[in-house]
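Here's the letter readout for the chains.
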Amino acid sequence: MKTQIAAYCQENKTRLAEILTDLVRIPSENRAPYGSEESCQNYVKDSLNQNGFQPVSYLPTQVAELETHPLFWPGRSYENRPNVVGKRSGSGNGRSLLLSGHIDTVPAGSQPWTTDPFSGKQEDNLIYGRGSMDMKSGIAINLFIAEALNDLGIELQGDLTIESVVDEEFGGVNGTLAGRVRGDLADAAIITEPSSGRICPAQRGGRTVHLTFRAPNKGILSSRQGAGVVDQLRIFLSALPEFEKIRSISAPAHPAYAHLENPVPVTVARIQTAPWGTSEPPNVPPVCQLELFWQTMPGESLDVIDTQFNNWFDSLLSQYPEVFQEHPQIEYPIRWLSASAISEDEPLVQEFAKIIQKTTGIAPLIQGIEGPCDMYVFHTYGVPAILWGAHGANAHMPDEYVELDSMVNAAEGLLHFVCHWCGIQHDKSDKISDDQ
């Protein structure tokens, strides 16, 4: 079986590339609160249907009790944004597994690309395009697994479910939550986010804040200028390392992030005072907007995170009352994304690592993923879940790409694990052992 699977994955490398290219060429941008995932989801549904998974599509808001769930984030539209889920029922006596991924991508953006972001262009081992890495590579791997099981005639003992959810980007997560509320659960879940070939049983959390500084003035030609938003910005940025130091001291250490020099970075994501260029008159800006993003560790709560920031920020403002005559506005544009982790001792983690080492001959790294995602929803529902996927670069940036060879390796390892976890039968009475 090991030889069969390895040969199939190598021989069908171009098929895996074709699936990904097809997905990249169908835009599915998330422009919260709206999105355009439907066409891409139709492709996913057709693919699952062709391979015996009996898929269904549903809008997240059609799931009873979703909108009253404590984790539901209001204000998103789900018109023409269906989730897709399909199940291949096992013959019995096996463990169930769920392969999950999100089909939405961030927008292509206004920054220049060197190639069409929706071309799916392939150059040697690289496939370019928006979502090629994050995370249509993972959706393609899941669809490839479904196709491989069908082509190889592998009958599983446990149920295998494959889902593609909408609205993960920009802290959406309602699509993922809808699947759990709907009852799409399993003994374990693999989320095929691009993990660079690492097994990731942990995710960092994230908090995003929008700050609006205001200092009205009489313009650039005024004979007198008081403290302005640029002064406020300068003070804030100069003091920000203090907040980062507070975070680094207070955040609980976690073994999944021992490999990082700074497990809880604080990042200024964007700053804006006015549009650039000669279409706007030069002036002293009366308003400055800043987006701040900081990451958190498993075990930290929202109340503690917000209190920590507000106390630091209020203390800073109190030191400069003449500069901050108006308290800056604080807004939280997206949900709090909770950090989450399962133990490395979980059977899912240990058995997956064993299978990957058998497949590659190399013990895989077991580390926490560097960014927030939707895995915490599975953990909240008591479903052991890990991230596993390909290697790429430039996620959320121009010229995003994924390495095809790493997709093939990820698909091969995952296919072996599906057979191991769910169990397979050579015929109705003879189960093939895990070592074959």
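Here the structure is shown first, and the text comes after it.
The structure presented is a predicted model; accordingly, all values stated were derived computationally and were not measured.

**A few points about the overall build of the chain**
Here is step 1 of the chain: A tally of regular secondary structure across the chain gives ten helices and 20 strands.
Here is step 2 of the chain: Its C-alpha radius of gyration of 24 Å places the chain within 12% of the 22 Å reference for a compact globule of 436 residues.
Here is step 3 of the chain: C-alpha extents for the chain along the principal axes are approximately 90 × 45 × 45 Å.
Here is step 4 of the chain: Put simply, 84% of the contacts in the chain that link residues at least 6 apart link residues at least 24 apart.
Here is step 5 of the chain: As displayed, the chain offers around 19200 Å² of accessible surface, 49% of which is attributable to carbon and sulfur atoms.
Here is step 6 of the chain: For the chain, the distance from the average position of its 31 positive side-chain charges to the average position of its 54 negative side-chain charges is 2 Å.

**Some remarks on the side chain of E29**
Here is step 1 of the chain: Relative to the helices and strands, E29 is located in the loop between α2 (13–24) and β1 (30–31).
Here is step 2 of the chain: Its relative accessible area of 11% is what places E29 among the buried residues.
Here is step 3 of the chain: Here the side chain of E29 touches A108 through a polar contact of 2.7 Å, landing on its backbone nitrogen.
Here is step 4 of the chain: Once residues within four sequence positions are removed from consideration, E29 is found in contact with G35, S36, T105, V106, P107, A108 and F118.

**Re a nonpolar patch on the surface**
Here is step 1 of the chain: On the surface, a cluster of nonpolar side chains totalling about 200 Å² of accessible area is made up of L237, V268 and I271.
Here is step 2 of the chain: Structurally, the position occupied by I271 is in strand β13 (residues 266–272).

**A closer look at the sheet that holds strand β15 (residues 329–331)**
The strands that make up a sheet are held in pairs by hydrogen bonds between backbone atoms, and each pair lies either parallel or antiparallel.
Here is step 1 of the chain: Reading across the sheet, the four strands line up as β13-β14-β12-β15 and stay open at both edges, with antiparallel pairing between neighbours. Edge strands, defined here as strands with exactly one partner in the open sheet, are β13 and β15. The mean inter-strand angle of the sheet, taken between neighbouring strand axes irrespective of direction, is 20 degrees.
Here is step 2 of the chain: In the sheet, β13 pairs with strand β14 (residues 287–296) via six bridges, with the strands oriented antiparallel. In the sheet register, R270 faces β14, and the bridge partner there is E291.
Here is step 3 of the chain: Lying over the sheet, helix α7 (residues 302–318) contacts β12 (205–214), β14 and β15, oriented at roughly 30 degrees with respect to β12.

**Focus: the packing of α2 against helix α3 (residues 38–50)**
Here is step 1 of the chain: Between α2 and α3, whose axes approach to 10 Å, the crossing angle comes to 155 degrees. With respect to their mutual orientation, α2 and α3 come out roughly antiparallel. Facing I19, D22 and L23 of α2, the residues of α3 in contact are C40, Y43 and V44.
Here is step 2 of the chain: When its residues are assigned to classes, the contact of α2 with α3 shows five nonpolar, no polar and one charged.

**Remarks on the pattern of salt bridges**
Once their charged atoms are close, side chains differing in charge can pair, the charge on each being opposite to the other.
Here is step 1 of the chain: Summed over the entire model, instances satisfying the criterion amount to 17 salt bridges.
Here is step 2 of the chain: One salt bridge in this structure joins E37 and R81, with 2.8 Å as the shortest N-O distance. Placement of the pair is E37 in the loop between β2 (34–35) and α3 and R81 in the loop between β3 (56–58) and β4 (83–88), with a sequence separation of 44 residues. For the pair E37 and R81, one class covers both residues: buried.
Here is step 3 of the chain: Here the salt bridges do not stand alone but share partners, grouping E37, R76, R81 and D167 into one network.

**Structural notes on the nonpolar core**
Here is step 1 of the chain: Among the nonpolar cores identified, the biggest contains 61 residues, and L97, I190 and V418 are the most heavily contacted of them.
Here is step 2 of the chain: Per-element accounting of this core gives the leading share, twelve residues, to helix α10 (residues 404–422).
Here is step 3 of the chain: Sequence-distant contacts of I190, defined by excluding residues within four places in its chain, comprise L97, L98, L99, S100, L348, F352, I386, W388, L414 and F417.
Here is step 4 of the chain: L211, A239, V266 and W312 belong to the second largest nonpolar core, which has 25 residues in total.

**Here's the deal with α10**
Here is step 1 of the chain: Over its 19 residues, α10 runs 27 Å from end to end, which matches the ideal 27 Å to within 8%, given 1.5 Å per residue.
Here is step 2 of the chain: Along α10, 17 of the 19 residues are buried, which leaves the element largely enclosed by surrounding structure.
Here is step 3 of the chain: Remark: G423 follows α10 within two positions and exhibits a positive phi of approximately 85 degrees.

**A word on the packing of helix α1 (residues 2–11) against helix α4 (residues 136–152)**
Here is step 1 of the chain: Here α1 crosses α4 at 120 degrees, and the two axes come no closer than 11 Å. Comparing the axis directions of α1 and α4 gives the class oblique. With respect to the hand of their crossing, α1 and α4 are arranged in right-handed fashion. Contacts between α1 and α4 involve Q4, I5, Y8 and C9 on the former and, on the latter, F144, E147, A148, D151 and L152.
Here is step 2 of the chain: Of the residues assigned to the contact of α1 with α4, the class counts are six nonpolar, one polar and two charged.

The rules behind these values
Residues numbered from 1 in each chain as written. Predicted model: local features only at pLDDT ≥ 70, side-chain atom pairs only at ≥ 80, totals over all residues. Heavy atoms only, no water. Helix = DSSP H or I, 4+ residues; strand = E, 2+ residues; numbered from the N terminus. Rg over C-alpha atoms; globule rule 2.2 N^0.38 Å. Contact = heavy atoms within 4.5 Å. Areas by Shrake-Rupley, 256 points an atom, 1.4 Å probe, with all protein chains shown as cover. Lys, Arg positive; Asp, Glu negative; His and termini not counted. Charge placed at Lys NZ, Arg CZ, Asp CG, Glu CD. Buried < 20%, exposed > 50% of the residue type's maximum accessible area, 1.4 Å probe, protein only. Polar contact = N/O pair within 3.5 Å; in protein donor to acceptor, adjacent residues only side chain to side chain. Patch = residues over 30% accessible without salt bridge, like charges linked within 9 Å, V, L, I, M, F, W, Y side chains within 5 Å. Salt bridge = Lys/Arg side-chain N within 4 Å of Asp/Glu carboxyl O. Pairing = 2+ DSSP bridges. Axes fitted to C-alpha atoms, helices over the stretch in contact; angles between N-to-C directions. Parallel < 35°, antiparallel > 145°, perpendicular 65-115°, else oblique. Nonpolar A, V, L, I, M, F, W, Y, C, P; charged D, E, K, R; others polar. Core = buried A, V, L, I, M, F, W, Y, C linked by side-chain atoms within 4.5 Å. Expected span 1.5 Å × (residues − 1). Left-handed = near helix turned anticlockwise from the far one by under 90°.

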